[in-house]
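So the chains spell out like this:
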Amino acid sequence: MASSKKKIPRHVAVIMDGNGRWATSKGLSRSEGHRAGADAIDRLMDSSLELGLEVVSLYAFSTENWKRPITEIRSIFNLLVEFIDSRLDKIHAKGIRILHSGSRKKLSSLVLSKIDHAAEITRKNRKLTVNFCLNYGSQEEILSAFSRLAEERKKKSISIQKPISTKELEKYLYTYPLPAVDLLIRTAGERRLSNFLLWQSAYAELFFTENLWPEFGDKDLREALDWFARRTRKFGGLENG
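This text gives an overview of the structure that appears in the document. Keep in mind that this is a model prediction, so the values were computed, not measured.

## Re the overall build of the chain
Line of reasoning, step 1. Along the backbone of the chain there are seven helices and six strands.
Line of reasoning, step 2. Here the C-alpha atoms of the chain give a radius of gyration of 18 Å, agreeing with the 18 Å that 2.2 N^0.38 yields for 241 residues.
Line of reasoning, step 3. Reported as C-alpha extents along the three principal axes, the dimensions of the chain are approximately 60 × 50 × 35 Å.
Line of reasoning, step 4. Within the chain, the fraction of its 241 residues that count as buried is 48%.
Line of reasoning, step 5. Partitioning the contacts of the chain with sequence separation of at least 6, the portion at a separation of at least 24 is 77%.
Line of reasoning, step 6. Averaged over its 41 positive side-chain charges, the chain has a centre that lies 4 Å from the centre of its 30 negative ones.

Laid out in C-alpha cells, this is it:
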C-alpha cells in the first residue's frame, strides 16, 4: 500500500533504539552497533527525501545517556564527528538542513564546532530538515524554556504572574520554530517515550516496531507512514466535529 500524500506527517520523530542489541546478537562491539545505526540514518534521510517529509527529529543522545560507560560515550561522539566530516558535503548537496536540539552544556568544543558548522553550511537548505536531538531531555528543555521566558519577561518588565500562553512558551523550546510532531517512531520493541519531545508530541501518533534500529530501512518507514495515513486524528475532539 502506497503512503497517502494527503496524510503524510510534516514532522516525524524517531527514537533509534537497539544498536547495542543488534551488535550483541552478531557478536560485535556496541561501538560497531552505533556505526551500523549511523548507516541507518543515511537510509532514513534518503527515504525521507523521496517521500517528501518536511522534518525528521532523531534522538541521538539523551541527557540520561551520560550514565553509560565512558568508553561508549566517547565512541558515540567520535562517530558523530566522523559522521559529519564524511557526510556533510553529500547532505548539503541533497538540500538537507541540519539542526541541533538539546543542551550545549557538557558537549565538547569539538562536537559543538562540528554541529555548528553543519548547521551553518546547510542553513538555507529546504528539501528536508534533519534535527539531531543531542544531549537532549524533554523535561530539562521545558524547565529551561520557563527559565528563559522568565528572564525575558524580567528584562521587559513584564510580570511573571501574567498568564503564559502555549505559543509564548514554545518560542523558548530547543525545537522552535519546527512544527509539532505528527508521528513518533520507536524501534526495538520498546514502548515508552524516554523523555523525548514530550511537549512537541502531545498529539503525535506513536508507532512501535520490533525491528532494531540498524535494521530499519525504507520499507519500515513506508510501513509507519501507511499506518499513520490510516489513523483518525481528533486532537481531543470528536471525529465528526
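There is more to say after this.
## Observations regarding helix α2 (residues 30-51)
Line of reasoning, step 1. Given a rise of 1.5 Å per residue, 22 residues ought to cover 32 Å, and the 31 Å separating the end C-alpha atoms of α2 matches this to within 8%.
Line of reasoning, step 2. The complete set of buried residues in α2 reads Gly33, His34, Ala36, Gly37, Ala38, Ala40, Ile41, Leu44, Met45, Ser47, Ser48 and Leu51.

## Brief notes about the sheet that holds strand β2 (residues 55-62)
Line of reasoning, step 1. Taken together, the six strands give an open sheet; going across it, the order is β3-β4-β2-β1-β5-β6, and neighbouring strands pair in parallel fashion. Two strands close off the open sheet at either side, each with one partner strand: β3 (96-101) and β6 (205-208). For this sheet, the mean angle separating the axes of adjacent strands, direction not counted, is 20 degrees.
Line of reasoning, step 2. Bridge analysis of strand β1 (residues 11-15) against strand β5 (residues 183-186) gives four bridges, and the strand direction is parallel. Bridge pairing links Val14 to Ile185 in β5.
Line of reasoning, step 3. The strands touched by α2 are β1, β2, β3 and β4 (128-136); relative to β4, the strand with the most contacts, the crossing angle is about 145 degrees.

## Some points on the environment of Gly20
Line of reasoning, step 1. Take Gly20: it is sitting in helix α1 (residues 19-25).
Line of reasoning, step 2. Overall, the relative accessible area of 6% leaves Gly20 in the buried class.

## Brief notes about the side chain of Glu72
Line of reasoning, step 1. Examined against the element boundaries, Glu72 turns out to sit in helix α3 (residues 70-93).
Line of reasoning, step 2. Since its relative accessible area comes to 9%, Glu72 is described here as buried.
Line of reasoning, step 3. For Glu72, the side chain forms a polar contact with the side chain of Arg30, separated by 3.0 Å.
Line of reasoning, step 4. Residues within four places of Glu72 in sequence aside, it is in contact with Arg30 and His34.

## Things to note about the pattern of salt bridges
Line of reasoning, step 1. All told, the structure shown has 22 salt bridges when counted by the stated rule.
Line of reasoning, step 2. Close ionic contact of Lys114 with Asp85 constitutes a salt bridge, the shortest N to O distance being 2.8 Å. In this pair, Lys114 is assigned in helix α4 (residues 109-121) and Asp85 in helix α3, connecting sequence segments 29 residues apart.
Line of reasoning, step 3. Overall, Lys114 belongs to the partly exposed group, its relative accessible area being 21%.
Line of reasoning, step 4. On the accessibility criterion, Asp85 (48% relative accessible area) is partly exposed.
Line of reasoning, step 5. Overlapping salt bridges bring together Asp17, Arg21, Arg186, Glu190 and Arg192 as one network.

The rules behind these values
Residues numbered from 1 in each chain as written. Predicted model: local features only at pLDDT ≥ 70, side-chain atom pairs only at ≥ 80, totals over all residues. Heavy atoms only, no water. Helix = DSSP H or I, 4+ residues; strand = E, 2+ residues; numbered from the N terminus. Rg over C-alpha atoms; globule rule 2.2 N^0.38 Å. Buried < 20%, exposed > 50% of the residue type's maximum accessible area, 1.4 Å probe, protein only. Contact = heavy atoms within 4.5 Å. Lys, Arg positive; Asp, Glu negative; His and termini not counted. Charge placed at Lys NZ, Arg CZ, Asp CG, Glu CD. Expected span 1.5 Å × (residues − 1). Pairing = 2+ DSSP bridges. Axes fitted to C-alpha atoms, helices over the stretch in contact; angles between N-to-C directions. Polar contact = N/O pair within 3.5 Å; in protein donor to acceptor, adjacent residues only side chain to side chain. Salt bridge = Lys/Arg side-chain N within 4 Å of Asp/Glu carboxyl O.

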